Amino acid sequence: MRKIAPALIIASALLAAGVHAAPGNSGDDMDKLLADKGLLTRIDHVRQSVSNKASELVVNAMGFLGVPYKRGGNSVETGFDCSGFVRAIYEQSVGLLLPRRAEQQAAATQRIDKNDLQPGDLVFFNTMRRAFSHVGIYVGDGKFIHSPKPGAEVRVESMGVSYWQRRFDGARRVQTPGGAGAETQRTAALPVSQAVPEMQAAQTAAPQLAAGQQVQQMLQQMQQEQYRR
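Residues numbered from 1 in each chain as written. Predicted model: local features only at pLDDT ≥ 70, side-chain atom pairs only at ≥ 80, totals over all residues. Heavy atoms only, no water.

On to the sheet that holds strand S4 (residues 110-112), then. Strand order in the open sheet formed by six strands is S4-S9-S5-S6-S7-S8, with antiparallel pairing between adjacent strands. Of all the strands in the sheet, the pair left with one neighbour each is S4 and strand S8 (155-158). Taking the axes of each pair of neighbouring strands and ignoring which way they run, one obtains an average angle of 40 degrees across the sheet. Pairing between strand S7 (residues 143-146) and S8: four bridges, direction antiparallel. Residue pairing across strands places Phe144 opposite Glu157, the latter belonging to S8. Along the sheet face, helix H4 (residues 82-93) touches strand S5 (122-125), strand S6 (134-140) and S7 and points at about 45 degrees away from the line of S6. (Pairing = 2+ DSSP bridges. Helix = DSSP H or I, 4+ residues; strand = E, 2+ residues; numbered from the N terminus. Axes fitted to C-alpha atoms, helices over the stretch in contact; angles between N-to-C directions. Contact = heavy atoms within 4.5 Å.)

Judged by nonpolar contacts, the single largest core of 27 residues is most densely connected at Phe85, Leu122, Ile137 and Ile145. The set of elements that each furnish at least two residues to this core consists of helix H3 (39-62), H4, helix H5 (102-107), S5 and S6. If you tally residues by element for this core, the top one is H4, at six residues. Setting aside its immediate chain neighbours within four residues, Ile137 contacts Leu57, Phe85, Val86, Ile89, Gly120, Asp121, Leu122, Val123, Lys143, Phe144 and Ile145. Ile112, Leu117, Met159 and Ala171 belong to the second largest nonpolar core, which has nine residues in total. (Core = buried A, V, L, I, M, F, W, Y, C linked by side-chain atoms within 4.5 Å. Buried < 20%, exposed > 50% of the residue type's maximum accessible area, 1.4 Å probe, protein only.)

Next up on the list: unusual backbone geometry. Although it is not a glycine, Arg129 adopts a positive phi angle of roughly 60 degrees. Relative to the helices and strands, Arg129 is located in the loop between S5 and S6. Owing to a relative accessible area of 85%, Arg129 belongs among the exposed residues under this scheme.

Here S7 shows no split at all, with Lys143 and Ile145 on one side and Phe144 and His146 on the other all buried. Looking at chain direction, S6 and S7 are connected through three bridges and run antiparallel. Looking at the pairing, Tyr138 lines up with Phe144 of S7. Taking the residues that link successive antiparallel strands as the turn, the S6-S7 hairpin has two residues, and the phi of Asp141 there is positive, at about 60 degrees.

Remember that the coordinates give geometry; whether it matters functionally is a separate question.
Structure follows, in structure tokens:
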């Protein structure tokens, strides 16, 4: 999901140039140079934009808690299966149309280490004796949100539970157009404006402000409810 912004490239060039032009300057001097060029603000904006987008995606996903599982379902009206849920969230939140099946979503996204998981990344499990047969969205704090199985509803679960630990099949990151692996991205996850929609984007009233804070509050409330039970 990350991409190298022009501002970061320019900043790196200025840092390299500064080492040779003024070897005696302190880090404060370099910060001042970047600030004068307005690059620190732009770099910070890029960083916050990526973080906020992931948080908003997770908040949107939380808005579907309680929606029933439906095999082949891909909307709040019909219910969701696991990959239909992931696809709906990414179409609505990021504007990308992912492949329909879980194994296709795994093949179309960037492999990452489990330790590098960030909110909004995808987590895959082997629940049907075949690789990548189940998928969910990582929400942070070792938890993921997913549409689990017939008779169940969209819910948040811990990846630390033995059932999920044994079946964990890998983590993936959805790449935005123009970022690393953009060539794959063009054939795997297309901007909605360039793809033929196969479903109606689900609606949610989840607030968008302070998204990261809302996610943390939701997780804390769930933990408190589970403790009281």
